[in-house]
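Each chain is listed here by its residues.
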Amino acid sequence: MSTPEKMDEDAENERALPANLRRDQPLVPVDGIAGRALMAVIAILTFLAAISAGAAVLAARASEQWRGAVSNEMTIQIRPDSQRDIEADIARAVRMAQDLGGIDSVRPVPRAESDKLLEPWLGTGLDLVELPVPRLIVLKLKPGATPDLGGFGPALRKEVPTAILDDHRIWVRRLSAMASTIIVSGFMIVLLVLTAAALAVAFATRGAMAGSRESVEVLHFVGADDDFIAREFQSRFIRLGLRGGACGGGAAILAIAVLGLVSSWWSSAPEAEQLQALFGAFEIGWAGYGAVLAVALVVAGIAGIVSRVTVRHYLRALA
């Protein structure tokens, strides 16, 4: 049973301890200006990394759609010539394309539809009759088919000298290269942001260790090992990383969702049709949201690992 004298002695002993080791006081301060600032930095870095990861996923999805659409069709472009009947040339090219093996369908694009493709650049209400606008014929390929383009191209040029066959192989290579560049750039940005987060956590851990040096020395004196001290700091910075990562990841998901809603509201404009053709539907799908959540978890994991390594290095320096 505690006596008043014993209670006074315990209180005096507690006052003699460093602030972090007094009763009900954690080794690492739970809240403070430094902790809130670090959480804000982690949230901002997580937001940037998550946006970069989402953009990379969006580019990958759009690239897949581009390659799927472009690789399954070819086009024949017939340029106007004052000495030739362009409608007869179109009909002749259509017949030749229909006789080519591996072709699923052949569709000549009407003049009105060809003119509409130019509206986003030239505007509406223009009379394009005097302009030498080429006419297009779209050839849909059968799945897995490989038409004999080596013989078809020269034969087409012989029958219709103003015709140009485009099998889109150059476009597929360019689209693949561009998408790969965007994906690699997004991945590098994510790595740089995660590196910045690790450095921020390392500096914050060293600052916390410097502020708790007396407490650490007392813990060593009473027999606490380095693992115990490192776990205290690690658990603290993991919680900071989870909170900052959750804030940054949630903000990134909200921003992506808002951009998706804006793009859907704006879908009726001609410019939106071109953007949708370029980027597809502005949706990153479950894979994109999974990448954003993974970035937030990775940031929390980095915070814990870096803090533990920093603490153990600091303790070895003190020994």
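Now for a quick tour of the structure. Numbers given to residues run from 1 along each chain, matching the order in which its sequence is written. Reporting of local features is limited, given that this is a predicted model, to residues whose pLDDT is at least 70; pairs of side-chain atoms are given and counted only at 80 or more, and all residues count toward the totals for whole chains, interfaces and linings. As a rule here, side-chain values cover all heavy atoms of the structure and leave hydrogens and water aside.

In this text, helices come from DSSP runs of H or I with a minimum length of four residues, and strands from runs of E with a minimum of two, each type numbered from the N-terminal end. The secondary structure content of the chain amounts to eleven helices and four strands. Contacts are assigned to residue pairs with any non-hydrogen atoms lying within 4.5 Å of each other. Within the chain, counting contacts between residues at least 6 apart in sequence, those at least 24 apart form 83% of the total. Surface accessibility of the chain: about 19,000 Å² in total, with carbon and sulfur atoms responsible for 62%. Accessible surface is estimated by sampling points in the Shrake-Rupley manner with a 1.4 Å probe; for residues, cover comes only from the protein chains shown.

For the rest of this paragraph, the subject is a nonpolar patch on the surface. A residue counts toward a patch only above 30% relative accessible area and without a salt bridge, and it is joined to like-charged neighbours within 9 Å or, for Val, Leu, Ile, Met, Phe, Trp and Tyr, to nonpolar neighbours within 5 Å. Should a side-chain nitrogen of Lys or Arg be within 4 Å of a carboxyl oxygen of Asp or Glu, the pair is scored as a salt bridge. A cluster of nonpolar side chains, contributed by L254, V258, L261, V262 and W265, occupies part of the molecular surface with about 530 Å² of accessible area. As for its placement among the helices and strands, V262 is situated in helix α9 (residues 226–265). Burial here depends on accessible area, computed with a 1.4 Å probe over protein chains only, as a share of the maximum for the residue type. Under 20% is buried, over 50% is exposed, and the range in between is partly exposed. Classification of V262 by relative accessible area gives partly exposed; the value is 42%.

Once that is clear, we can look at the pattern of salt bridges. Taken as a whole and assessed by the stated rule, the structure comprises four salt bridges. A salt bridge links E73 to K140; the nearest nitrogen and oxygen atoms lie 2.9 Å apart. With E73 in strand β1 (residues 73–78) and K140 in strand β3 (residues 135–141), this residue pair connects regions lying 67 residues apart in the sequence. On the accessibility criterion, E73 (18% relative accessible area) is buried. Residue classification places K140 among the partly exposed residues on the basis of a relative accessible area of 37%.

The set of buried Ala, Val, Leu, Ile, Met, Phe, Trp, Tyr and Cys residues whose side-chain atoms join them within 4.5 Å is what this entry labels a nonpolar core. Counting residues in each nonpolar core, the largest one holds 32 residues, and the members touching the most others are M209, I229, F233, F237 and V311. Going through the elements one at a time, α2 (33–71), α7 (169–211), α8 (213–221), α9 and α11 (285–318) are the ones with two or more residues in this core. Considering each element in turn, this core owes the most residues, ten residues, to α7. With near-sequence residues (within four places) excluded, M209 lies in contact with V216, F233, V311, Y314 and L315. Listed in part, the 18 residues of the second largest apolar core include I76, I78, A97 and F152.

Looking now at the sheet that holds strand β4 (residues 163–166). The rule for pairing is simple: two strands pair if DSSP sees at least two bridges between them. An order of β2-β3-β1-β4 is seen for the four strands of this open sheet, with the pairing classed as antiparallel. Among the strands making up the open sheet, the edge pair consists of β2 (103–108) and β4. Sheet twist, expressed as the average angle between the axes of neighbouring strands with direction ignored, equals 20°. Angles run from 0 to 180 degrees between N-to-C directions of axes, and those axes are lines fitted to C-alpha atoms, restricted for helices to the stretch in contact. The strands touched by helix α3 (residues 86–98) are β1, β2 and β3; relative to β3, the strand with the most contacts, the crossing angle is about 10°.

Right, let's talk about helix α6 (residues 149–159) for a bit. Along α6, the residues classified as buried are F152, G153 and L156. Buried residues of α6, seen end-on, are gathered within an arc of 100° and therefore sit on one face of the element. Of the exposed residues in α6, those oriented more than 90 degrees away from the buried face are G150, P154 and K158. Directions from the helix axis toward the C-beta atoms define the arc.

With respect to the secondary-structure elements, T205 resides in helix α7. With sequence-adjacent residues up to four places away left out, T205 is seen in contact with F237, S307, T310 and V311.

With that out of the way, let us pick up the packing of α3 against α6. The contact between α3 and α6 brings their axes to 10 Å, and the two run at 155°. With respect to each other, α3 and α6 are oriented roughly antiparallel. The chirality of how α3 crosses α6 is right-handed. Contact residues: α3 offers R92, A93, M96 and A97, while α6 offers F152, A155, L156 and E159. Side-chain classes follow a simple rule in which Ala, Val, Leu, Ile, Met, Phe, Trp, Tyr, Cys and Pro form the nonpolar group, Asp, Glu, Lys and Arg form the charged group, and the remainder, Gly included, forms the polar group. Considering only residue class, the contact of α3 with α6 consists of six nonpolar, no polar and two charged. Put simply, angles under 35 degrees are roughly parallel, angles over 145 are roughly antiparallel, angles from 65 to 115 are roughly perpendicular, and the rest are oblique. Left-handed describes a crossing in which the near helix is turned anticlockwise from the far one by less than a right angle; the clockwise case is right-handed.

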